[in-house]
Structure formats: C-alpha cells, structure tokens
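Spelled out, the chains give:
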Amino acid sequence: MQIGFVCNKYDNYLFIFHRGSSIAYLLLYVDDIVLTASSDLLKNEIITLLKTEFAMPDLGKLSYFLEISVTRSADTIFLCQRKYVEEIVYRSKMVNCKIMATPVDSTSNLSALDGDPVLDPTLYKSLAGALQYLTFTRPDIAYVVQQVCLFMHAPRDPNFTSLKRIIRYVKGTLDYGLHLYPSAPNKLLSYTDADWAGCPDTRRSTSGYCVFLGDNLIFWSAKRQPTLFHSSAEAEYRGVANVVAEICWLRNLLLEL
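Report follows, based on the coordinates.

Procedures and definitions
- Residues numbered from 1 in each chain as written.
- Predicted model: local features only at pLDDT ≥ 70, side-chain atom pairs only at ≥ 80, totals over all residues.
- Heavy atoms only, no water.
- Buried < 20%, exposed > 50% of the residue type's maximum accessible area, 1.4 Å probe, protein only.
- Helix = DSSP H or I, 4+ residues; strand = E, 2+ residues; numbered from the N terminus.
- Contact = heavy atoms within 4.5 Å.
- Core = buried A, V, L, I, M, F, W, Y, C linked by side-chain atoms within 4.5 Å.
- Pairing = 2+ DSSP bridges.

**Here we look at helix α4 (residues 142-149)**
The element α4 is largely enclosed, with a buried count of seven among its eight residues. When we look at burial in α4, the residues that qualify are A142, V144, V145, Q146, Q147, V148 and C149. Against α3 (121-134), α5 (157-171), β10 (206-213) and β11 (216-224) lie the buried residues of α4.

**Things to note about the nonpolar core**
Ranked by internal contacts, the top residues of the largest apolar core, which has 27 residues, are I88, L131, L134, I141, L163, I166 and I167. Among the secondary structure elements, those contributing two or more residues to this core are α2 (82-91), α3, α4 and α5. With residues near it in sequence (within four places) discarded, I166 still touches P103, L131, I141, V144, V145 and V148. Formed by eight residues, the second largest nonpolar core is a distinct cluster that contains F5, L26, L42 and I46.

**Digging into the sheet that holds strand β2 (residues 14-19)**
Here four strands make up an open sheet; going across it, the order is β1-β2-β3-β4 and the pairing antiparallel. Of all strands in the sheet, those bounded by a partner on one side alone are β1 (6-7) and β4 (32-37).

**Focus on the sheet that holds strand β5 (residues 64-65)**
Read from one edge of the open sheet, four strands run β5-β6-β7-β8, paired in antiparallel fashion. Pairing within the sheet leaves two strands with one partner each, and these edge strands are β5 and β8 (177-180). Across four bridges, strand β6 (residues 68-72) lies against strand β7 (residues 77-80) in antiparallel orientation. The residue of β7 that forms the bridge with R72 is I77.

In short, the description is geometric, and any link to function would need to be established separately.
Structure follows, in structure tokens:
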C-alpha cells in the first residue's frame, strides 16, 4: 500500500494500482503473488519496489499457482489441476481403480442414516476436503462434492462409496479443466436451478447456479438451502435470490476493476 496499491473492498486479497492511464492488479494469497500490469515497464517497476522489502523471485509468466496449472495457447488460457488429482488418487490408495464415466449415481439420494459408520472417518474428511479444492477448476463435480461433504461429521459406508465414485471419475478425466477465452466482458449471464425437498433426512432443497462473463464460466455453486419450503416454486425463488446476490457482488467487483 506504500507503493500506491489500494485494497479492493469487494475482495481483500486483490490490490489495485492506478497512475494516470496505467493500471496494475496484484492478487495475494499468504506469500504467493500474481501480478499483472498494463505495461512491462510498470510491472518491472513494481517488482523492483517489492524486492526492496521482501526477498522474492520473479517466476515469469504465470504457469502454476496454488495447485492450479496455467497453460496458454493462441486464443485461450486453460486452468487444470491434474497433478493435484493424481495426489488425491494416490492418497486414497485407488491408483489401480477402475474409472467411472459419471461422478454421481443420479438414481439415489445420500442419507446420514443408511449403512454402517466408516472405519476411517479421518480419511473420508481429508479426501472430501481435497475434492472441495478441486472444484475450483472442475464445475462438473461441484454438486456431488457438495453432497458428500454434508456427511463429514459422521460419514457412513454409502457416503464413502459415493466419494470413491468421484475419485474414479476424476481419475479418468485428469485433463479436464477450465478454458478461458478472449471475449468482450459486456454482460453477466447466470443460470440457476433447484430441486424440492431433495434431502431424504431434512427435506431441504438443493440449489445451484453458474455465472458467465462473456463466453467464460467464472463462478458456480451447489448448496443445500438452510430452510424448508412449501413448494418447488419457493425453492426456485430462493435459488434465484442466491445467484442475484452473487451477481451483485461480481458486478461491483468488475466495476472497481
């Protein structure tokens, strides 16, 4: 901040620098930094100033950040967590397991009452938490990971079976990730949906949404709703309210950028 950066009020990890028509963004997570600027001259000046305060290397163009690899081509940026997936498979001792074509059995709803308690709940919690971080680049597993995480306090065998199915799926889709394309960011577009009383234990509904900026998927969520609703229409409206609140936050963040 002594250099002239201002902390973004909508995201406290993001700092913005303005000087005339020049601009720079600095994203900070503990001691990992991503820096981009409107010119190489400004970027190098900022790096030099930072190095006077901290011992830090310049690793060049962004290629790996917080377990996420960044690959550039002529017209796209690809975010992938292949190495992280391999670590999850190894930790689960499922290196030689058969792969699955889908991450979830859509014909069954998980319950906190079915089956016996798992023998190693710590392993279940560890793997479920690891899969949560994987959803940063894998929206295709956001819903089912949310489902298995509901039972981290007291997992049972059917819950663990569902978790293992996710691992079998991601093992067969190591190279899946998120593509970012150059496009005019002139609109936010969202889609949302909800079931009604889908949880067999609490009768709560689950809602989900995704948000696009131009052609790019930038935000998604799947979450069990906190209260009961009398109808599917009520559950749908709650889902819409959730995504509208998220879009308001994203809009304010983009306006400040």
